[in-house]
Amino acid sequence: MKITSQELARVAAAEAPRFDMYTGIHKALRAFMADTLLAVGRMDPADDAEVARTEERVLQLLGFCGAHLAHENAFVHAAIEARAPGASDRIAHEHEDHVRHIERLAQMAARMGAASPARRHADALELYRELALFVAGNFEHMHVEETAHGAVLWARYTDAELVAIHDALVASIPPQEMMAIARWLVPFMNPLERFHMLADVRAKAPPEVFDAIVDTALPHLTAAEWTKLARALGIAPVRGLVEA
Ligand SMILES: [Fe+2]
């Protein structure tokens, strides 16, 4: 059966997907949000050390979310508004709501940490429910970004331009924040996404940055995931030994 040029074009398009700057970091956010919500839910309010650890974890998540939306405002929304004025309005308003929600959740976490043991059970349950609502809202919000915003970016920018915007965003992130992102980004991608992400880091960043990101992610990968990644990157499966 003869293959038409239209079919070939369709196959070529399927084999070369457009550059997607949202999905990877949003998988990291979904993982960090879900993990933290579950940690608050199972926390023992009578265990001082666990309460302190959980409060710290919630504050780390909130810091991560605040930094993420600031990066989106500065780089992604700016790019959308430059070529499709008004297209990021809805999501920009949601970001303003998220900033207020983040502040409220940080206050609730601090209140739980400082509460008397008698009050802590009620404070923990209140924090758990409020964090669940924040996570629910963010899951819907990220879906809109990945679909509606992604479509606007693809319609108005070439892949080379999108890569340049994303590179500028990544270059603006301080090293300590980058390691916190790597901890949630690398483990919760699928193997192909993980390989592309690390190959990109290896091509663009100094070797010590690549090594630090791999070392941060490694404890959170399964043996099978690490074997696939090491093979794809052409590095030794046992870290610190001979590199292939
Ligand atoms: Fe967002």
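- Going by what an unreviewed UniProt entry lists, the protein chain is known as Hemerythrin-like domain-containing protein and is assigned to Ramlibacter montanisoli.

### Some details on the packing of aromatic side chains
Here comes step 1: Enumeration over the complete set of coordinates arrives at three aromatic pairs.
Here comes step 2: Between Phe 32 and Phe 64 the ring centres are 5.2 Å apart and the planes differ by 90°, which places this aromatic pair in the edge-to-face class. Taken together, the positions of Phe 32 in helix α2 (residues 23-42) and Phe 64 in helix α3 (residues 48-83) put the pair 32 residues apart, joining distant regions of the chain.
Here comes step 3: Take Phe 32: its relative accessible area is 4%, and that puts it in the buried class.
Here comes step 4: You can call Phe 64 buried: its relative accessible area is 10%.
Here comes step 5: Seen from their ring centres, Phe 32 and Trp 184 are 4.5 Å apart, and the 10° between their planes marks the pair as stacked. With Phe 32 in helix α2 and Trp 184 in helix α7 (residues 175-185), the pair connects residues that are 152 residues apart, well separated along the chain. Residues Phe 32 and Trp 184 agree in their burial class; the two are buried.

### Details of the coordination of the iron ion
Octahedral six-donor coordination of a metal ideally yields angles of 90 or 180 degrees, compared with 109.5 degrees for tetrahedral four-donor coordination.
Here comes step 1: The iron ion binds to the protein through Glu 72 (OE), His 95 (NE2), His 141 (NE2) and Glu 145 (OE); the donor distances cover 1.9 to 2.4 Å.
Here comes step 2: Coordination geometry of the iron ion: the four donor atoms subtend angles of 82 to 167° at the metal centre, consistent with an arrangement described as irregular.
Here comes step 3: For the iron ion, the single-chain donor residues occur in sequence as E-x22-H-x45-H-x3-E. Of this pair, His 95 sits in helix α4 (residues 89-114) while His 141 sits in helix α5 (residues 117-156), and the two are 46 residues apart along the sequence. With respect to class, His 95 is no different from His 141; both count as buried.

What counts as what
- The residue count restarts for each chain, going from 1 along the sequence in the order it is written.
- Whole-chain, interface and lining totals are the exception, using all residues; otherwise, since this is a predicted model, local features are given only for residues with pLDDT of at least 70 and side-chain atom pairs are given and counted only at 80 or more.
- The side-chain figures draw on all heavy atoms in the structure; neither hydrogens nor water molecules are used.
- The pairing test for Phe, Tyr and Trp rings, Trp by its six-membered ring, is centres within 6.5 Å, and the orientation test on the planes gives stacked under 30 degrees, edge-to-face over 60, and tilted for anything in between.
- In this text, helices come from DSSP runs of H or I with a minimum length of four residues, and strands from runs of E with a minimum of two, each type numbered from the N-terminal end.
- Type-normalised accessible area, obtained with a 1.4 Å probe on protein chains alone, sets the label of each residue: buried when under 20%, exposed when over 50%, and partly exposed for intermediate values.
- The donor set covers N, O and S atoms within 2.8 Å of the metal, switching to 3.2 Å for Na, K and Ca, and it leaves out water, so a site may look short of donors.
- Labels for metal geometry use angle windows, namely 85 to 135 degrees for all angles of a four-donor tetrahedral site, and for square planar (four donors) or octahedral (six donors) sites opposite donors over 155 degrees apart plus all others within 65 to 115; sites meeting none of these are irregular.

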